Amino acid sequence: MAKGKGKRKGKGNSKKTKTRPLNPTSNCIFPREIISNILSRLPVKTLLQFRSVCKPWRNLISKPNFIDTHFYHSSSLQHIGSPILIHTQHVKSSDHVLSLYNPLESSVVELDNPFPFFFQEMAVVGSCNGIVCLCKPPWGDVITLWNPAMRQSRNVQLSKKKPLMGIYSGVSIGLAYDSQENDFLILSLLGYRKVIKVPDEVEMCSTKSFSWKKLKNEVGFRALGFNCNVIIKGVPYWSAMVEDEYGLREVLVYFDVGRKVFEKLPMPGITMETKAHLVDLEDSLGMLIWAKTDKYNVDVWVMDDENGWSKKCNVGLVVGFDRIIGCLRNGDIVAENENGVLLLFDPVTGFVKTKLCIDNAKSGSSVIFNYLESLVMIRGMMPVKKQTARDKLARENLLKVGINLKVISTDDSRQLDLAV
């Protein structure tokens, strides 16, 4: 009996005990504050993987304070070269393609965007704190908030206000961020036709309530585009027309996020012989101005809160361009040549630092927007499905047989109408 008991206690018959995975912070020589500081400087893609390391890390990465610190560190790298979001159209199918260029990695990556492929029209409104706003011009009857780094998005419930064809000219969409309330704001400017001299009707939607409310247009402006021209530190700017004691003139209009009102700014010296482009220049409002007949010199203007507009410098480019489409936050000027190749110019030397060629991009279709990745999530966001080759092939097949896609908007749904 004793011998039998000894066998039962032998090594070969003993049960294996399960060991719990060690907490990476339990035996670490670094304090938790140091670990949090290190993690907050990592890319979003890496942090999403690190959420699976342990529960404490998962909780940490999801905390609002950590998300804010992470975005602050991402913003601090913009002097080296901030990423840009590139919107192009496919040369054959005219599908909207969104790509991300990261200067630190010198790479262009096509993104799986949440906008339905069967909508031929799409506009990128802009980006605030890692959230990108997409809309469907000219009526803004599709509005999507999207975090490319988190691969999450949600559609915004539209306002009950219905634009009447023949009376209204279109809707201009803007995106703002209220840092005090940690709230994203969608602005909808409903404009009348030119023959009706009435200012835009303004509505605002908060992502905390996702309900629309009407705002006063005390400036009396009329927006000139289907979306805001630029967003700087959460403030959207539009080029607009006003009629006051000085007559009918073009001005800049911006949304004061704290006071929830619109204000106007003067335009710098622009003539019929020049072209201009509003830009975000080191988190300040800037404008690039060049002569229509001179494709080698660009004047850089900056708006100062106290002194107004002032000319910062003239950049002499060593290579000509077809059109200027913007600049990076650090001042690198982005232009497109006649072949559709994007050129990044050094603002000091005027030399080409980088050439970007987007595969299968339609010439003249490129638009760029400054973008910084973040961990920010908005209530109701859902994962973005990977765009498949089948979807794009279906689009091309429809075009081959001569079928055009029209979208008719209703209050609660979208109706797809196929018309030959």
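See above for the structure.
Basis of the calculations
Counting restarts for each chain, with residues numbered from 1 along the sequence as it is written. In view of the model being predicted, local features appear only for residues whose pLDDT reaches at least 70, and side-chain atom pairs are presented and counted only at 80 or more, with totals across whole chains, interfaces and linings using the full set of residues. Where side-chain values are given, they derive from all heavy atoms of the structure, hydrogens and water being excluded. Strands here mean DSSP runs of E at least two residues long; helices mean DSSP runs of H or I at least four residues long; both are numbered from the N terminus. Two residues qualify as a contact provided that any one of their heavy atoms is within 4.5 Å of a heavy atom in the partner residue. Accessibility throughout is a Shrake-Rupley quantity obtained with a 1.4 Å probe, and a residue counts as covered only by protein chains that appear here. Throughout, nonpolar core names a set of buried Ala, Val, Leu, Ile, Met, Phe, Trp, Tyr and Cys residues whose side chains join them through atoms within 4.5 Å. Relative accessibility thresholds used throughout: buried, under 20% of the residue-type maximum; exposed, over 50%; partly exposed, between the two (1.4 Å probe, protein chains only). The pairing criterion for strands is at least two bridges between them, as found by DSSP. We define a salt bridge as a contact between a side-chain nitrogen of Lys or Arg and a carboxyl oxygen of Asp or Glu at a distance within 4 Å. Expected span of a helix: the number of residues minus one, times 1.5 Å. Here an axis means a line fitted to C-alpha atoms, over the contact stretch when the element is a helix, while the angle between two N-to-C directions is reported on a 0 to 180 degree scale. Here roughly perpendicular refers to angles of 65 to 115 degrees, roughly parallel to angles under 35, roughly antiparallel to angles over 145, and oblique to all remaining angles. Classes in brief: Ala, Val, Leu, Ile, Met, Phe, Trp, Tyr, Cys and Pro nonpolar; Asp, Glu, Lys and Arg charged; the others, Gly included, polar. Any two rings among Phe, Tyr and Trp, with Trp reduced to its six-membered ring, count as a pair given centres within 6.5 Å; such a pair is stacked if its planes are under 30 degrees apart, edge-to-face if over 60, and tilted if neither. Only residues whose relative accessible area exceeds 30% and that form no salt bridge are eligible for patches; like-charged ones are grouped when within 9 Å, while nonpolar side chains (Val, Leu, Ile, Met, Phe, Trp, Tyr) are grouped when within 5 Å.

**Some remarks on the overall build of the chain**
Working step 1: If you tally the helices and strands in the chain, you get seven helices and 28 strands.
Working step 2: Once local pairs closer than 6 in sequence are excluded, the contacts in the chain between residues at least 24 apart make up 50%.
Working step 3: Surface accessibility of the chain: about 23300 Å² in total, with carbon and sulfur atoms responsible for 52%.

**Re the nonpolar core**
Working step 1: Core analysis: the largest hydrophobic core is formed by 85 residues, its most contacted members being Ile143, Ile186, Phe255, Phe262 and Leu285.
Working step 2: The element that contributes the greatest number of residues to this core is strand β9 (residues 183–192), accounting for seven residues.
Working step 3: Residues in contact with Leu285, not counting those within four places in the same chain, are Val230, Ile232, Tyr237, Leu252, Leu265, Leu278, Val279, Trp301, Val302, Met303 and Trp309.
Working step 4: Residues Leu288, Trp290, Ile324 and Phe345 belong to the second largest nonpolar core, which totals 17 residues.

**Remarks on the sheet that holds strand β4 (residues 123–128)**
Working step 1: What the five strands build is an open sheet, ordered β4-β5-β6-β7-β26; its pairing is antiparallel. Either end of the sheet is taken by a strand with one partner, and the two such strands are β4 and β26 (382–383).
Working step 2: Sheet topology note: the strand β6 (residues 143–147)/strand β7 (residues 152–155) ladder contains four bridges and is antiparallel. Note that in β7 the partner of Trp146 across the bridge is Ser153.

**Description of the pattern of salt bridges**
Working step 1: Evaluated as defined, the whole model comprises 14 salt bridges.
Working step 2: Note that Lys136 and Asp141 form a salt bridge whose closest N and O atoms lie 3.8 Å from each other.
Working step 3: Relative accessible area serves as the criterion here: at 12%, Lys136 is assigned to the buried category.

**Quick look at the pairing of strand β18 (residues 284–291)**
Working step 1: Counted residue by residue, β18 has six buried out of eight residues, so it is predominantly covered.
Working step 2: Sheet analysis places strand β17 (residues 274–281) next to β18, joined by eight bridges and oriented antiparallel. By the bridge assignment for β18, Val279 is matched with Gly286.
Working step 3: In textbook terms, the turn of a hairpin is the stretch between consecutive antiparallel strands, and for β17 and β18 this stretch comprises two residues, one of which, Glu282, has a positive phi near 55°.
Working step 4: Here β18 hands over to strand β19 (residues 297–304) after five residues, the two strands then running antiparallel side by side.

**With respect to helix α5 (residues 64–76)**
Working step 1: Its 13 residues give α5 an end-to-end C-alpha distance of 19 Å, which sits within 8% of 18 Å, the value for a rise of 1.5 Å per residue.
Working step 2: Every buried residue belonging to α5 is among Phe66, Ile67, His70, Phe71, His73, Ser74 and Ser75, and all of these are buried.

**Topic: the packing of helix α4 (residues 55–62) against α5**
Working step 1: Running from N to C, α4 and α5 cross one another at 70°; their axes reach a closest spacing of 5 Å. Comparing the axis directions of α4 and α5 gives the class roughly perpendicular. Residues Leu60, Ile61 and Ser62 of α4 touch α5, and the partners they reach there are Pro64, Phe66 and Ile67.
Working step 2: The residue makeup of the contact of α4 with α5, split by class, is five nonpolar, one polar and no charged.

**A word on the pairing of strand β8 (residues 168–178)**
Working step 1: Counting buried positions over the eleven residues of β8 gives ten, a clear majority of the element.
Working step 2: Judged from the ten bridges that link them, β8 and β9 form a sheet pairing that is antiparallel. When the bridges of β9 are listed, Ile173 appears paired with Ser188.
Working step 3: Counted along the chain from β8 to the antiparallel partner β9, the turn is four residues long, and its residue Asn182 has a positive phi close to 50°.

**Considering the sheet that holds strand β10 (residues 201–206)**
Working step 1: Reading across the sheet, the four strands line up as β8-β9-β10-β11 and stay open at both edges, with antiparallel pairing between neighbours. Of all the strands in the sheet, the pair left with one neighbour each is β8 and β11 (212–215). With strand direction ignored, the average angle separating the axes of adjacent strands in the sheet is 25°.
Working step 2: Relative to β10, β9 is paired through six bridges, and the arrangement is antiparallel. The partner of Ile186 across the bridge, within β10, is Cys205.

**With respect to the packing of aromatic side chains**
Working step 1: For the coordinates displayed, the defined rule picks out nine aromatic pairs.
Working step 2: Between Tyr177 and Phe184 the ring centres are 4.8 Å apart and the planes differ by 45°, which places this aromatic pair in the tilted class.
Working step 3: A relative accessible area of 3% means that Phe184 is categorised as buried.
Working step 4: Pairwise contacts between aromatic rings join Phe221, Trp238, Phe255 and Phe262 into one cluster.

**Concerning unusual backbone geometry**
Working step 1: At the junction of Pro137 and Pro138, the peptide bond is cis and its omega measures out at 5° in the coordinates.
Working step 2: One can find Pro138 in the loop between β5 (131–135) and β6.
Working step 3: Even without being a glycine, Asn182 presents a positive backbone phi close to 50°.
Working step 4: Structurally, Asn182 is set in the loop between β8 and β9.
Working step 5: Although it is not a glycine, Lys233 sits at a positive phi angle of roughly 50°.
Working step 6: Structurally, Lys233 can be placed in the loop between β13 (230–232) and β14 (235–244).
Working step 7: Overall, Lys233 belongs to the exposed group, its relative accessible area being 64%.

**Observations regarding a nonpolar patch on the surface**
Working step 1: A cluster of nonpolar side chains, Phe30, Ile34 and Ile38, forms an exposed patch at the surface whose accessible area comes to about 260 Å².
Working step 2: Among the secondary structure elements, Ile38 is positioned in helix α2 (residues 32–39).
Working step 3: Relative accessible area serves as the criterion here: at 45%, Ile38 is assigned to the partly exposed category.

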